[in-house]
Structure formats: structure tokens, C-alpha cells
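Descriptive structure summary
The lines below spell out each chain.
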Amino acid sequence: RYAPRPVSGAVVERTQLLRNLTKASLLKQLSTIRGPAGSGKTLLLGQWHGLCHDMDRPVAWLTLDRGDSDPGRFIAGLATAVAHAGLKDIAGRIAALRVEGGTCSIIELGHRLAAIFNSVGKTLIIILDQFEKADSEAIGALLGLILDHAVSIRLVIASRKHLTLPVAGHRARDQVFELLPADLNLTPAETHALFDGLPELYARRIHLETSGEAVALGFARRAME
């Protein structure tokens, strides 16, 4: 829940996508990755999570479930994720908000969270995986307020569905980076790397037949094995 899942089987480093995410996280407040199940969203974020650690950038990882649609539970999970990122003092202050969650409005909680994040003193990356499971009007409003008022936060969200976050203003200010389903397709070079040892001619044929879609390539690899 607070770190990428261990990877098994063949893995291809998504060099260009990792580069794009890194560049976006330096310039934009919100990055979104949208694609169907098996399209490689979590795998990509797991690779990027490791890259952020190598660059000594604090990054909090939270894999969401349906219970996180409740703001109190979401705040508790966020606090633990921030603690895993090494910011235990900040995590304690976030956790304290959960106790007040029953009496505070979403607007007040959002402002308080933003104030806490602004006190970090460095840019904190927050990765929310499987966001579609917890996406709700309340969580969308809470995150929208954080984006509006926490200038040092970089929010990275992976979801199977369109987000309900109120981000029109952020798009207008060019503060949103998006990876769409087609962007997650493997390139011919990445397909060749996935089928290590296969002549490039055949790897290109497989790429042509599958359009580089991760699910189709996974089935093709298992069939060949």
C-alpha cells in the first residue's frame, strides 16, 4: 500500500516516459496516467518511484482502495505514506487532522493540509495509484484545494478512468501533464527489448500486430514461452 509492488517476469525500462514524468514533476503540479488494467501504469510509476529515490527526491506512495473515498481514511493513509517518505514530523501533523475530520469541512481540511505541505521546505511528490477505487466528489475537492494552495506539492495520479478532480484552472495555467492510454503503448525498440533474443524483424512484426499494447504483448510473450 505504501510502496510499489515487487515486479516479477520480464520488465522493460520505459526510458522516454520516465524522462517525461521527471521533467513534468519539475514544472507542473499535477501529472496523470490513465489507461486500462494491465497497461503498465503501476509498473511505470514503480520505475519512476525508484528513480526519484536515486535522485534523493522525497516521494510518498499510496495505493488506494474503496475505503479511501472517506476523507478521514484517506488522510490517515496519506499520513502513513508521507511517513514512509521520511517526513515523520509532517506525517504526524497530517495524522492529527484525521481526528478533526469529523468536525471540519472539506474546505477547511484542504486548507490545513496545504499549509502543512507548504511547511515541508522541499518539493514533495505524492503518488496515488489505483485512484479510480477512491475517486469521489469529496476526495476530488480535497485534492483540488491542495493543488490550489500547496505550491511545493507534485501530485501524480494513476487511474483507469477519467478523474473527477476540478483541474480546469490548472490546465489553463499549463500545470497538468497527462499520459493517455495510447502513450503507454510500447515503442518498437521497447517491444524488441521485451522479447529479448528474438530477431528484430519478428519483434517489429509483433509490435505491428499488437500496436505495442502492454496486455497484448504480455499474452504474446506467454504464448511464445
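Coordinates for the structure precede this section.
Residue positions are given per chain, counting from 1 as you read along its sequence in written order. Only residues with pLDDT of 70 or above have their local features reported here, since the model is predicted, and side-chain atom pairs are shown and tallied only from 80 upward, although totals for entire chains, interfaces and linings are computed over all residues. Note: side-chain values were computed over all heavy atoms of the structure, leaving out hydrogens and water.

Quick word on empty space enclosed by the protein
Where empty space is left can be seen by rolling a probe of water-molecule size over the atoms. Rules: Definitions used for this entry: grid spacing 1 Å over protein atoms alone; cavity, a set of points where a 1.4 Å probe fits but cannot get out; pocket, an open set with protein on both sides within 12 Å along at least 5 of 7 lines; lining residue, one with an atom within 4 Å of a point. Grid points are joined across faces, edges and corners, and a volume is the space filled by probe spheres set on the points. For helices the rule is a DSSP run of H or I covering at least 4 residues; for strands it is a run of E covering at least 2, with both sets numbered from the N terminus onward. Nonpolar residues are Ala, Val, Leu, Ile, Met, Phe, Trp, Tyr, Cys and Pro. Charged residues are Asp, Glu, Lys and Arg, and all others, Gly as well, are polar.
This structure, assessed with the given rule, holds one cavity of 30 Å³ or more. What lines the largest cavity is Phe 74, Leu 78, Phe 117, Ile 126, Leu 128, Leu 143, Ile 146 and Leu 155. Breaking the lining of the largest cavity down by element, the ones donating at least two residues are helix 3 (71-84), strand 3 (124-129) and helix 6 (137-149). Taken together, the residues that form the lining of the largest cavity break down as eight nonpolar, no polar and no charged.

Quick notes on the nonpolar core
Our working definition: Put simply, buried Ala, Val, Leu, Ile, Met, Phe, Trp, Tyr and Cys residues joined by side-chain atoms within 4.5 Å make one nonpolar core. The rule is simple: take the accessible area with a 1.4 Å probe, protein chains only, and divide by the maximum for that residue type; under 20% is buried, over 50% is exposed, in between is partly exposed. Residue contacts are defined here by distance: any two heavy atoms, one from each residue, within 4.5 Å place the two residues in contact.
Among the nonpolar cores identified, the biggest contains 40 residues, and Phe 74, Val 82, Ile 94, Phe 117, Leu 128 and Leu 143 are the most heavily contacted of them. Residue assignment for this core shows that the elements contributing at least two residues are strand 2 (59-63), helix 3, helix 4 (88-100), helix 5 (106-118), strand 3, helix 6 and strand 4 (153-159). For this core, the leading source of residues is helix 3, giving six residues. Filtering out sequence-adjacent residues up to four positions away, Phe 74 remains in contact with Leu 62, Leu 64, Asp 68, Leu 128, Ile 139, Leu 142 and Leu 143. Residues Leu 18, Leu 44, Cys 52 and Ile 127 belong to the second largest nonpolar core, which totals 18 residues.

A closer look at a nonpolar patch on the surface
Inclusion rule: Residues form patches when they are more than 30% accessible in relative terms and have no salt bridge. Like charges link within 9 Å. Nonpolar side chains (Val, Leu, Ile, Met, Phe, Trp, Tyr) link within 5 Å. The protein chains shown are the only cover counted for residues, whose accessible areas, like all others here, come from Shrake-Rupley with a 1.4 Å probe. By salt bridge we mean one thing: a side-chain nitrogen of Lys or Arg within 4 Å of a carboxyl oxygen of Asp or Glu.
A cluster of nonpolar residues, Val 7, Val 11 and Leu 43, forms a patch on the protein surface that exposes about 230 Å² of accessible area. Structurally, Val 7 can be placed in the segment before helix 1 (15-27).

As for the sheet that holds strand 5 (residues 176-179)
Put simply, the test is: The rule for pairing is simple: two strands pair if DSSP sees at least two bridges between them. A fitted line through C-alpha atoms represents every axis, and for helices the fit uses only the stretch in contact; the resulting angles, taken between N-to-C directions, go from 0 to 180 degrees.
Reading across from one edge, 2-3-4-1-5 is the order of the five strands in this open sheet, with parallel pairing throughout. The two strands at the open ends of the sheet, each matched to only one other strand, are strand 2 and strand 5. Between one strand axis and the next, the sheet turns by 15° as a mean value, whatever way the strands run. By the bridge criterion, five bridges tie strand 1 (residues 30-34) to strand 4 in an arrangement that is parallel.

Brief notes about the pattern of salt bridges
Counted according to the given criterion, the structure contains 12 salt bridges. One salt bridge in this structure joins Arg 1 and Asp 68, with 2.8 Å as the shortest N-O distance. Linking Arg 1 in the segment before helix 1 with Asp 68 in the loop between strand 2 and helix 3, this pair joins segments that are 67 residues apart in sequence. Judged by its relative accessible area of 0%, Asp 68 falls in the buried class. Of the charged contacts, one joins Arg 221 and Glu 225 as a salt bridge, the two residues approaching to 3.1 Å between their closest N and O atoms. Ionic contacts of the salt-bridge type, sharing partners, join the residues Arg 1, Asp 65, Asp 68 and Arg 73 into one network.

Focus: the packing of helix 5 against helix 6
Worth spelling out the cut-off: An angle below 35 degrees is read as roughly parallel, one above 145 as roughly antiparallel, one from 65 to 115 as roughly perpendicular, and any other as oblique. Handedness of each helix crossing follows the sense of rotation of the near helix against the far helix: counterclockwise by less than a right angle gives left-handed, clockwise gives right-handed.
For the pair helix 5 and helix 6, interaxial distance at closest approach is 8 Å and the crossing angle is 40°. Here helix 5 lies oblique to helix 6, going by the angle between them. Handedness of the crossing formed by helix 5 with helix 6: right-handed. For the pair helix 5 and helix 6, the contacting residues are Ile 106, Ile 107, Leu 109, Gly 110, His 111, Leu 113, Ala 114, Phe 117 and Asn 118 in the first and Ala 138, Ala 141, Leu 142, Leu 145, Ile 146 and His 149 in the second. Residue composition of the contact of helix 5 with helix 6, by class: 11 nonpolar, four polar and no charged.

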